[in-house]
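Each chain, letter by letter, is given below.
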Amino acid sequence: MKPGPGTWKRRAPLKRSRILHMALMGTSDPSGEAEASKEKPFLLRALQIALVVSLYWATSISMVFLNKYLLDSPSLQLDTPIFVTFYQCLVTTVLCKSLSTLATLCPGTMDFPSLRLDLRVARSVLPLSVVFIGMITFNNLCLKYVGVAFYNVGRSLTTVFNVLLSYLLLKQTTSFYALLTCGVIIGGFWLGVDQEGAEGTLSWTGTLFGVLASLCVSLNAIYTKKVLPAVDGSIWRLTFYNNVNACVLFLPLLLLLGELQALRDFSQLGSAHFWGMMTLGGLFGFAIGYVTGLQIKFTSPLTHNVSGTAKACAQTVLAVLYYEETKSFLWWTSNMMVLGGSSAYTWVRGWEMKKIQEEPSPKEEEKSSMGV
């Protein structure tokens, strides 16, 4: 039997912009992925998933440790967190434009949208870019002042802000069970702060930056949905405009905060190793968006969240081992509360979405009662 046009449409490969949009919306696309998974042998699919998840873990963990080195290394002694963030945005902008040019010159070699700077689009994206700047800057500032082991706890309130802002801005209510998981996360956060203080390693400045970073991550997710139509729904176009705007807005900050002068006095300014590490940090920042999309494509948004939580746990253990730290039982308990609460929230939201999808609509119930 010859398949109809709808069959080919369902089997079309997912666009990366659609994949990341599904992640932001917290939904999945069951049409194409289910059939594709049936066509592939189990071992091949399992190997692909293992490779993609490993790539996501390696990229994400490496980026955190490298940024910690650039922001707070005793051997580097570079106190210019805004410049480090600015340079990473510059690398991402150059990479986006380079890949766009390559895709135009060699059509069919890669799937990348054409990028042309439009000032009207840049102005439309500007409000989101301000939130984006806050997100990446506060993330780096948090990492500068706190240890890698405490980094995940310091930024653990993103889920709580998601619930709060969804109610305040979108008027969306949250179930009791989801609120209960948020309570576990808040409890783990405060216990972690208490234990960091008891060990004498607490930085209130770093903790404040972590809370602000969590707020900006939530705002970024909400405003991304509103701004996507301005860039034709393309995540890569949005990435390009966000980073272009960020590069422009960072320049006055570099002057006002005196980081250009600090950079001028930096002893390793002419070091190839220093610029190599800086460029590598920018490459990781660009790559994390790509591997996130890959992980969602080969698994699901729900599995991606679970993988991110497990990655955070592994990153914490690696940090404690690498920096040869000794942590108390209650400190580890705080981490388990944060990670457990985050995983439970993801599971509850996934269960609620599935329940909503399985419930028949009022029109279907009416047809059923009429015998249609």
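Within every chain, residues take consecutive numbers counted from 1 along the sequence as written. Where totals are concerned, whole chains, interfaces and linings use all residues; where local detail is concerned, this predicted model gives features only for residues with pLDDT of at least 70, and gives and counts side-chain atom pairs only at 80 or more. Side-chain descriptors were evaluated using all non-hydrogen atoms of the structure, hydrogens and water having been removed beforehand.

As annotated in an unreviewed UniProt entry, the protein carries the name GDP-fucose transporter 1 isoform X1 and comes from Mustela putorius furo. UniProt positions are given in the numbering used here, feature names are shortened, and annotations may be inferred rather than shown by experiment. The UniProt entry for the protein carries the following text under Subcellular location (unreviewed entry): "Membrane". The UniProt entry for the protein carries the following comment under Function (unreviewed entry): "Putative transporter."

A few words now on the confidence of the model for the protein. Averaged over all residues, the pLDDT of the protein equals 85, while 86% of them reach at least 70. What pLDDT expresses is the predictor's confidence in each residue, scored from 0 to 100. By the convention used here, residues are in contact when the closest approach between their heavy atoms is within 4.5 Å. Every residue in residues 1–37 is under pLDDT 50, and counting partners more than four places away or in other chains gives 44 contacts. Counted against residues more than four places away or in other chains, residues 368–372, with its pLDDT under 50, gives one contact.

Buried residues of nine kinds, namely Ala, Val, Leu, Ile, Met, Phe, Trp, Tyr and Cys, make up a nonpolar core once their side-chain atoms join them within 4.5 Å. Burial here depends on accessible area, computed with a 1.4 Å probe over protein chains only, as a share of the maximum for the residue type. Under 20% is buried, over 50% is exposed, and the range in between is partly exposed. Counting residues in each nonpolar core, the largest one holds 58 residues, and the members touching the most others are Leu78, Phe83, Cys89, Phe250 and Met278. Going along the chain from the N terminus, every DSSP run of H or I of four or more residues is numbered as a helix, and every run of E of two or more is numbered as a strand. Broken down by element, this core gets its largest block of residues, eight residues, from helix 4 (residues 42–72). Core analysis: the second largest hydrophobic core is formed by 18 residues, Ala103, Val227, Trp236 and Phe286 among them.

As a further point, take helix 6 (residues 119–145). Each helix should span, by expectation, one fewer than its residue count multiplied by 1.5 Å. In this model helix 6 runs 36 Å from its N-terminal to its C-terminal C-alpha over 27 residues, within 8% of the 39 Å that 1.5 Å per residue would give. Taking the largest bend as the criterion, helix 6 deviates by roughly 50°, centred on Leu126, and proline Pro127 comes between one and four positions later. Pairs of N or O atoms are called polar contacts if they sit within 3.5 Å, as long as, within protein, a hydrogen donor faces a hydrogen acceptor (for residues adjacent in sequence, only side-chain-to-side-chain pairs). Residue Asp118 occupies the N-cap position of helix 6, its side-chain oxygen lying 2.9 Å from the main-chain nitrogen of Arg120. Fitting axes to the seven residues ending at a residue and to the seven starting there, one defines the bend at that residue as the angle between these axes.

Attention now moves to the pattern of salt bridges. Each salt bridge in this description consists of a side-chain nitrogen of Lys or Arg and a carboxyl oxygen of Asp or Glu lying within 4 Å of one another. Scanning the model with the defined rule gives seven salt bridges in all. Its salt-bridge partner being Lys327, residue Glu196 comes within 3.5 Å of it at the nearest N-O pair. You can see Glu196 sitting in helix 9 (residues 176–198) and its partner Lys327 sitting in the loop between helix 14 (301–322) and helix 15 (329–358), a full 131 residues away along the chain. According to the relative accessible area criterion, Glu196 is buried, its value standing at 4%. For Lys327, a relative accessible area of 16% translates into the label buried. Between Glu325 and Lys327 there is a salt bridge whose closest N-O contact spans 3.8 Å. The exposure class assigned to Glu325 is partly exposed, which follows from its relative accessible area of 29%.

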